[in-house]
Amino acid sequence: MAGSILGLLYDQARRIWFYRWLIVLVAVPLFAGAAFFIMRMPKIYEAYAQVFVDRETATAAAAEHVSLVGGNFGSGYVIQKTMLNDNNLHALLFRINPVARNMDRGALANATAGLRGRIRIDPDQGDGFFQIHYQYTDPVRARDVVKMLVDGFINANLARNRVELECAVRFLDRQIAA
């Protein structure tokens, strides 16, 4: 049994050795073509940040047993729409490219769509953290864009939290009065 297996391996090794130049003539151009293709690919850098979003806001706590909508409704959707709406992306585009202020509506829409296409927001995996990814050929610009997105999100949430807290206080006062 072992002799027949070794005999088969020996026969296969002889066949491979017989066609070695054919194998080399096929492998070398394939390797050279793959190396050339890889060397011509542009370098793309990815910057990312994690943002923690607390689901237990003042409004959610106040309306816990009164609300018709569950507590986790749309958190990922809200974050994505907040960060990737046209107003925020236009402001970001104007900050990273001052020439964009002189663009017409069509060019501005194309530039905004291109910016939106390079941004990816990974949804919450249950721990409250969202990841924001941005890919670009310049690593400094990729980092700056992610930093600007996070800063804009934090500023928007601070203003929204103030408003939500005031609404929660009014809601609780109305409930106490009732």
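Conventions adopted
- Residues numbered from 1 in each chain as written.
- Predicted model: local features only at pLDDT ≥ 70, side-chain atom pairs only at ≥ 80, totals over all residues.
- Heavy atoms only, no water.
- Helix = DSSP H or I, 4+ residues; strand = E, 2+ residues; numbered from the N terminus.
- Buried < 20%, exposed > 50% of the residue type's maximum accessible area, 1.4 Å probe, protein only.
- Contact = heavy atoms within 4.5 Å.
- Areas by Shrake-Rupley, 256 points an atom, 1.4 Å probe, with all protein chains shown as cover.
- Salt bridge = Lys/Arg side-chain N within 4 Å of Asp/Glu carboxyl O.
- Pairing = 2+ DSSP bridges.
- Axes fitted to C-alpha atoms, helices over the stretch in contact; angles between N-to-C directions.
- Core = buried A, V, L, I, M, F, W, Y, C linked by side-chain atoms within 4.5 Å.
- Parallel < 35°, antiparallel > 145°, perpendicular 65-115°, else oblique.
- Left-handed = near helix turned anticlockwise from the far one by under 90°.
- Nonpolar A, V, L, I, M, F, W, Y, C, P; charged D, E, K, R; others polar.
- Phe/Tyr/Trp six-rings, centres within 6.5 Å; stacked < 30°, edge-to-face > 60°.
- Lys NZ or Arg CZ within 6 Å of the ring centre and 35° of its normal.

A closer look at the overall build of the protein
Logical step 1: Summing up its helical and strand segments, the protein has seven helices and three strands in all.
Logical step 2: Secondary structure elements in the protein, listed N-terminal to C-terminal, are α-α-β-α-α-α-α-β-β-α.
Logical step 3: Going through the 178 residues of the protein one by one, you find that 20% of them count as buried.
Logical step 4: Considering only contacts within the protein whose residues lie at least 6 apart along the sequence, 65% involve residues at least 24 apart.
Logical step 5: With the model as given, the accessible surface of the protein reaches about 13,400 Å², and the carbon-plus-sulfur share is 63%.

A few points about the pattern of salt bridges
Logical step 1: Counted according to the given criterion, the structure contains five salt bridges.
Logical step 2: Of the charged contacts in the structure, one is a salt bridge between Glu46 and Arg120, with a shortest N-O distance of 3.9 Å. Of this pair, Glu46 sits in strand S1 (residues 45-52) while Arg120 sits in strand S2 (residues 119-122), placing them 74 residues apart in sequence.
Logical step 3: Residue class for Glu46 comes out partly exposed when judged on its relative accessible area of 39%.
Logical step 4: Salt bridges sharing common partners tie together Glu46, Arg120 and Asp122.

Some words on the pairing of S2
Logical step 1: Burial along S2 is one-sided: the face carrying Ile119 and Ile121 is buried and the face carrying Arg120 and Asp122 is not.
Logical step 2: The loop that links S2 with its antiparallel partner strand S3 (residues 129-136) comprises six residues; one of these, Gly126, has a positive phi angle of about 105 degrees.

Section: the sheet that holds S3
Logical step 1: The strand order S1-S3-S2 describes an open sheet built from three strands, whose pairing is antiparallel. Of all strands in the sheet, those bounded by a partner on one side alone are S1 and S2. Neighbour-to-neighbour, the strand axes of the sheet open up by a mean angle of 20 degrees, direction not taken into account.
Logical step 2: In terms of strand pairing, S2 meets S3 through four bridges, oriented antiparallel. Residue pairing in the sheet places Asp122 in a bridge with Gln131 of S3.
Logical step 3: On the sheet, helix H7 (residues 139-177) packs against S1, S2 and S3 and is oriented at approximately 20 degrees with respect to S1.

A look at the nonpolar core
Logical step 1: Counting 25 residues, the largest nonpolar core has Leu92, Ile96, Leu115, Ile119, Tyr134 and Leu149 as its most contacted members.
Logical step 2: Going through the elements one at a time, S1, helix H5 (86-96), helix H6 (105-118), S2, S3 and H7 are the ones with two or more residues in this core.
Logical step 3: Here the element with the most residues in this core is H7; it accounts for seven residues.
Logical step 4: Here Ile96 is in contact with Leu115, Arg141, Val145 and Met148, once residues within four sequence places are set aside.

Some thoughts on the packing of H5 against H7
Logical step 1: It is the contact of H5 with H7, at a shortest axis distance of 11 Å, that shows an interaxial angle of 140 degrees. By the angle between their axes, H5 is oblique relative to H7. The element H5 and its partner H7 pack so that their crossing is right-handed. In this structure, H5 contributes Leu92, Arg95 and Ile96 to the contact, and H7 contributes Arg141, Val145, Met148 and Leu149.
Logical step 2: When the residues that make up the contact of H5 with H7 are grouped by side-chain class, the tally is five nonpolar, no polar and two charged.

Considerations on the packing of aromatic side chains
Logical step 1: Inspection of every chain in the model, using the stated rule, returns three aromatic pairs.
Logical step 2: When the ring of Phe52 is compared with that of Phe129, the centres are 5.2 Å apart and the planes differ by 55 degrees; the resulting orientation is tilted. In this pair, Phe52 sits in strand S1 while Phe129 sits in strand S3, placing the two residues 77 residues apart along the sequence.
Logical step 3: Since its relative accessible area comes to 36%, Phe129 is described here as partly exposed.
Logical step 4: The interplanar angle of 20 degrees and the centroid separation of 6.1 Å between the aromatic rings of Tyr134 and Tyr136 together place this pair among those described as stacked.
Logical step 5: Its guanidinium or amino end placed over the ring of Trp17, Arg20 lies 4.2 Å from that ring's centre, counting from NZ or CZ.
Logical step 6: Here the guanidinium or amino end of Arg141 rests over the ring plane of Tyr136, the centre of that ring lying 4.5 Å away.

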